[in-house]
There are 2 protein chains.
Amino acid sequence: MGPATSDKTNDLLQGTLDLLILKAVSLGPLHGYGVLLRIHQISGEELVIQQGSLYPALYRLEHQGTIASEWGESENNRRAKYYRLTDLGRVRLEIETAKWNRMSGIIDGILRATPEEA
Amino acid sequence: MGPATSDKTNDLLQGTLDLLILKAVSLGPLHGYGVLLRIHQISGEELVIQQGSLYPALYRLEHQGTIASEWGESENNRRAKYYRLTDLGRVRLEIETAKWNRMSGIIDGILRATPEEA
């Protein structure tokens, strides 16, 4: 639980969690918990994804074929499932990033609207 | 149904719909359908909120006390319920806008991360 895990934040994240996971894995293969750690790291330690959201999302993305897994050895010599981005996942990441940029731009525009524009 | 109402977009919007409604109503009182029209307008005609999402949200926000309604007459002389932002709603709008700005900034940062940073 980090400071950014309020209810509202989680609402917002529901739509973007898949995108953030694809992005994290695009930077290099990761085991499940490693995805959490990388998102935390590249968010400037602002964002904590909950494990209860992470694992169903990894399952869903693997099922969709946007990530693939293979067994490997973790830093502490345990067997762990490592996830990597597939070619399909790379395309999906590009599409979803473009969608995010477009939609967040629209929302930013709405929030800047003044009474004169309405 | 506009171009911005794909499934993914709707996912994203779930967390921000309340915020967009508060913003729309903050620009002046509106009847229910007018909220739709104003969001469409101030989004540069990019965003179409579905009525099936709008009315439950208006109900919820009125119940929370962030918007209040009174009966008035619409442009075509029909009785219509007009919504306005309450003082509580104004505070909420500021808080939620700040949350959105923070969270969208974090996501933007994650999406810009390069392998060297990971």
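J.: Please give an account of the nonpolar core that cites residues and values.
T.: The biggest cluster of nonpolar side chains holds 60 residues, and the ones touching the most others in it are A:Ile21, A:Val35, A:Ile39, B:Ile21, B:Val35 and B:Ile39. Beyond its immediate stretch of four places on either side in the chain, B:Val35 contacts B:Ile21, B:Ala24, B:Val25, B:Leu30, B:Leu54 and B:Leu58.

J.: Let's hear about the pattern of salt bridges: which residues, and what values?
T.: Residues and elements named next belong to chain B. Applying the stated criterion across every chain yields a total of 10 salt bridges over all chains. Taking the shortest distance from any N to any O, the salt bridge between Lys 99 and Glu 96 comes out at 3.8 Å. A residue pair is termed a helical-turn pair when its members lie 3 or 4 positions apart in one helix, as Lys 99 and Glu 96 do in helix α5 (residues 87–112) at 3 residues. Note on Lys 99: relative accessible area 33%, which makes it partly exposed. By relative accessible area, Glu 96 is classed as buried at 10%.

J.: So what's going on with the confidence of the model for chain A? Residues and values would help.
T.: Atom-level detail of predicted coordinates should not be read off regions where pLDDT is low. Residue and element names in this part refer to chain A. Overall, the predicted model of chain A reaches an average pLDDT of 88, with 87% of residues at or above 70. Across chain A, helix α2 (residues 17–26) holds the top mean pLDDT of 96, while helix α1 (residues 7–14) sits lowest at 51. Across residues 1–9, confidence stays below pLDDT 50; counting only partners more than four residues off in sequence or on other chains, it has 16 contacts. Overall fold confidence (pTM) sits at 0.83, and the ipTM for the predicted complex is 0.86.

J.: Any chance you could break down the packing of aromatic side chains for me, citing the residues and the numbers?
T.: For the coordinates displayed, the defined rule picks out 1 aromatic pair over all chains. Seen in terms of ring centroids, A:Trp100 and B:Trp100 are 5.8 Å apart; in terms of plane orientation they differ by 40°. Their pairing is tilted. Of the two residues, A:Trp100 sits in helix α5 (residues 87–112) while B:Trp100 sits in helix α5, which places them in two different chains. Residues A:Trp100 and B:Trp100 agree in their burial class; the two are buried.

J.: Give me the sheet that holds strand β3 (residues 79–85) of chain B: which residues, what numbers.
T.: The strands making up a sheet are joined through hydrogen bonds of the backbone, oriented either antiparallel or parallel. All names here are of chain B. Spatially, 3 strands are ordered β1-β3-β2 in an open sheet, and the strand pairing comes out antiparallel. Every other strand in the sheet has two partners, leaving β1 (30–31) and β2 (67–73) as the edge strands with one partner each. In terms of strand pairing, β1 meets β3 through 2 bridges, oriented antiparallel. Note that in β3 the partner of Leu 30 across the bridge is Tyr 83. Sitting on the sheet, helix α2 (residues 17–26) touches β1, β2 and β3, and the angle it makes with β3 is about 100°. In this fold helix α4 (residues 51–64) packs onto β2 and β3, with an angle of close to 115° to the strand it touches most, β2.

J.: Hey, could you go over helix α3 (residues 32–42) of chain B for me, with residue numbers and the actual values?
T.: The set of residues buried in α3(B) consists of B:Gly32, B:Gly34, B:Val35, B:Leu36, B:Arg38, B:Ile39 and B:Ile42. Contact partners of the buried residues in α3(B): α5 of chain A together with α2, β1, α4 and β3 of chain B. Once α3(B) finishes, B:Gly44 follows within two positions and takes phi at roughly 70°, a positive value.

J.: Quick rundown of unusual backbone geometry? Include the residues and the values.
T.: All names here are of chain A. Phi at Glu 45 takes a positive value of approximately 60°, unusual for a residue other than glycine. Position of Glu 45 relative to the elements: it lies in the loop between α3 (32–42) and α4 (51–64). Not every positive phi belongs to a glycine, and Asn 77 is a case in point at roughly 60°. The residue Asn 77 is located in the loop between β2 (67–73) and β3 (79–85) in this model.

The rules we used
- Residues numbered from 1 in each chain as written.
- Chains lettered and ligands numbered in written order.
- Predicted model: local features only at pLDDT ≥ 70, side-chain atom pairs only at ≥ 80, totals over all residues.
- Heavy atoms only, no water.
- Core = buried A, V, L, I, M, F, W, Y, C linked by side-chain atoms within 4.5 Å.
- Buried < 20%, exposed > 50% of the residue type's maximum accessible area, 1.4 Å probe, protein only.
- Contact = heavy atoms within 4.5 Å.
- Salt bridge = Lys/Arg side-chain N within 4 Å of Asp/Glu carboxyl O.
- Helix = DSSP H or I, 4+ residues; strand = E, 2+ residues; numbered from the N terminus.
- pLDDT = per-residue confidence, 0-100.
- Phe/Tyr/Trp six-rings, centres within 6.5 Å; stacked < 30°, edge-to-face > 60°.
- Pairing = 2+ DSSP bridges.
- Axes fitted to C-alpha atoms, helices over the stretch in contact; angles between N-to-C directions.

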